[in-house]
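Survey of secondary and tertiary structure
What follows is the residue order along each chain.
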Amino acid sequence: MAKEETQDKRISWKLMFLFFNYCIFSVATTFVNKYVLSVIGFTFPTIFLSWQTAVGGCLFKLLARMGYIDLGGIDRKAVIQWLPAMILFVCMAYSGSRSLSMTILPVWIIVYNIVYVLIACGDWVIHKKVPTFATQIGAIIVVFSAVMVGHTDSQFDDLGYAWMEFHCFCAGLYTLYAQAKQEEIKLNEFAKLFLNFVFTVAVLLPASFITGQIYEAIKFPAIYFGRFYFGCFLSGIFGTMLSVTSIWVLNETNTTTVGIVSTINKVPMTLLSVLFFKMTHNTENIVCIAFGLISGITFFVTKYQDVSRVAPMVSVT
């Protein structure tokens with residue numbers, strides 16, 4: 001009995017440690033990306049994302065060689081089956097980069113909550129997982145808060161919001177496809193992410209030449225400063241570690257619990273963004289952002305209760 005309690009405590013501390021790292025890397029990745037895209041002003045996503053994913057692919061290979069992760073076997077059939085997800089990943093990364101460079105961070109954080117609603121709607125339609133009435137109301141409030149945040153945004157950018165909507169759509173569709181094909185595609189989560197990285201480089205690096213962004217980037221003033229390379233390097237490192245940590249966390253618990261932690265983590269992320277980045281707010285927008293943060297947490301709490309009624313929580317063993 002004592003041994004079981006000791007083991008449970010170790011599992012709890014392990015999960016807390018993983019969640020702590022997940023939150024740190026989430027904030028760090030978002031802030032570094034925002035710094036490079038908006039503060040430095042490097043708005044060449046084909047190059048920026050090619051660099052990020054190239055660093056990610058190299059780190060994955062290094063971590064696999066060191067025994068920290070297992071890429072497993074990657075065969076042609078599995079790659080073809082995973083191709084739609086890789087295409088969605090590229091679209092998701094590109095649109096996310098474009099939208100993040102055009103919108104203020106607190107607004108971007110709140111609007112991203114729509115992704116979770118899209119996933120819940122997809123589960124409802126595709127998998128017939130009918131949410132409780134409380135979860136349905138929570139989803140409506142999340143969408144309403146996102147609309148109001150945009151409506152009260154004094155720095156509203158039509159193109160930025162259009163990219164953000166497309167980003168949410170791709171992110172939701174990516175998650176639903178991954179869930180639907182989880183049993184069919186014989187790839188582990190690390191292998192899927194590794195393929196995403198490789199495919200992104202294969203698509204966006206040639207695209208940087210075709211679109212001429214590579215030639216425009218050469219003339220970019222900050223390219224001669226160390227802070228630019230340091231920011232790009234950190235974005236690749238933090239983004240990769242966030243991906244690895246998120247997989248480790250999901251191996252220990254379920255997506256709903258991760259969602260609750262992620263939405264709670266948005267509170268300090270939003271507050272810190274006001275200190276780190278220049279932005280203008282009005283009273284209405286501040287109220288809507290606060291309402292958006294609360295609605296996101298409430299949505300996942302009701303969803304957590306919904307999951308608990310349907311089935312026992314995944315064991316953290």
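Cut-offs used in this document
Residues numbered from 1 in each chain as written. Predicted model: local features only at pLDDT ≥ 70, side-chain atom pairs only at ≥ 80, totals over all residues. Heavy atoms only, no water. Helix = DSSP H or I, 4+ residues; strand = E, 2+ residues; numbered from the N terminus. Rg over C-alpha atoms; globule rule 2.2 N^0.38 Å. Buried < 20%, exposed > 50% of the residue type's maximum accessible area, 1.4 Å probe, protein only. Contact = heavy atoms within 4.5 Å. Areas by Shrake-Rupley, 256 points an atom, 1.4 Å probe, with all protein chains shown as cover. Phe/Tyr/Trp six-rings, centres within 6.5 Å; stacked < 30°, edge-to-face > 60°. Patch = residues over 30% accessible without salt bridge, like charges linked within 9 Å, V, L, I, M, F, W, Y side chains within 5 Å. Salt bridge = Lys/Arg side-chain N within 4 Å of Asp/Glu carboxyl O. Core = buried A, V, L, I, M, F, W, Y, C linked by side-chain atoms within 4.5 Å. Expected span 1.5 Å × (residues − 1). Disulfide = S-S within 2.5 Å. Axes fitted to C-alpha atoms, helices over the stretch in contact; angles between N-to-C directions. Parallel < 35°, antiparallel > 145°, perpendicular 65-115°, else oblique. Left-handed = near helix turned anticlockwise from the far one by under 90°. Nonpolar A, V, L, I, M, F, W, Y, C, P; charged D, E, K, R; others polar.

The helix and strand inventory of the chain stands at twelve helices and zero strands. Scanning the chain from its N terminus toward the C terminus, one meets helices and strands in the order α-α-α-α-α-α-α-α-α-α-α-α. Relative to the globule expectation of 20 Å for 317 residues, the C-alpha radius of gyration of the chain, 20 Å, shows essentially globular dimensions. Structurally, the chain occupies a C-alpha span of about 65 × 50 × 40 Å along its principal axes. Taken across its 317 residues, the chain has 51% of its residues classed as buried. Contacts in the chain between residues far apart in sequence, at least 24 positions, make up 88% of those at least 6 positions apart. A total of about 16400 Å² of accessible surface is found on the chain, and carbon and sulfur atoms cover 70% of it.

What follows is about the packing of aromatic side chains. Ring pairs (aromatic) are described by centroid distance and by the angle formed between their planes. This structure, assessed with the given rule, holds 24 aromatic pairs. Consider the rings of Phe144 and Phe291, whose centres lie 6.4 Å apart with planes at 85°: the pair is edge-to-face. Of the two residues, Phe144 sits in helix H6 (residues 133-151) while Phe291 sits in helix H12 (residues 283-310), which places them 147 residues apart along the sequence. On the basis of relative accessibility, which here comes to 47%, the residue Phe144 falls in the partly exposed class. Seen from their ring centres, Phe228 and Tyr229 are 5.1 Å apart, and the 75° between their planes marks the pair as edge-to-face. Counting every residue linked through ring pairs, the aromatic cluster contains Phe60, Trp82, Phe89, Tyr174, Tyr177, Phe190 and Phe197.

What follows concerns a nonpolar patch on the surface. On the surface, Phe133, Ile137, Ile140, Ile141, Phe144 and Phe291 cluster together into a nonpolar patch covering about 590 Å² of accessible area. Among the elements that line the nonpolar patch, the one with the most residues is H6, at five residues. Locating Ile140 in the fold gives a position in helix H6.

Another point: the nonpolar core. Counting residues in hydrophobic clusters, the biggest one holds 68 residues, and the most contacted among them are Phe42, Phe60 and Trp82. The greatest single-element share of this core, amounting to nine residues, is contributed by helix H7 (residues 158-180).

This part takes up helix H5 (residues 114-126). Its 13 residues place the ends of H5 18 Å apart at the C-alpha level, agreeing with the 18 Å of an ideal helix rising 1.5 Å per residue. Val115, Tyr116, Val117, Ile119, Ala120, Gly122 and Asp123 are the residues of H5 that are buried.

What follows concerns the pattern of salt bridges. Applying the stated criterion across every chain yields a total of two salt bridges. A salt bridge links Lys181 to Glu184, with the shortest nitrogen-to-oxygen separation between them at 3.3 Å. Relative accessible area serves as the criterion here: at 41%, Glu184 is assigned to the partly exposed category. Ionic pairing is found between Glu189 and Lys192, a salt bridge with its closest N-O pair at 3.4 Å.

So, on to the state of the cysteines. Counted under the stated rule, the structure contains zero disulfides. Not part of a disulfide, Cys121 finds its nearest cysteine sulfur in Cys168, a span of 13 Å. By relative accessible area, which is 38% here, Cys121 ends up partly exposed. The thiol of Cys288 is unpaired, and the distance to the nearest cysteine sulfur, on Cys168, comes to 17 Å. According to the relative accessible area criterion, Cys288 is buried, its value standing at 11%.

Glancing now at the packing of helix H8 (residues 189-210) against helix H10 (residues 226-252). When two helices pack together, their arrangement is given by the angle between the helix axes and the distance between those axes. Two elements in contact, H8 and H10, have axes whose closest approach is 10 Å; the angle formed by their N-to-C orientations is 155°. Our classification of the angle between H8 and H10 gives roughly antiparallel. Here H8 and H10 pass one another in a crossing that is right-handed. Residue-level inspection shows Glu189, Phe190, Leu193 and Phe197 of H8 in contact with H10, the latter providing Ser243, Val244, Ile247 and Trp248. Here the residues of the contact of H8 with H10 sort into six nonpolar, one polar and one charged.

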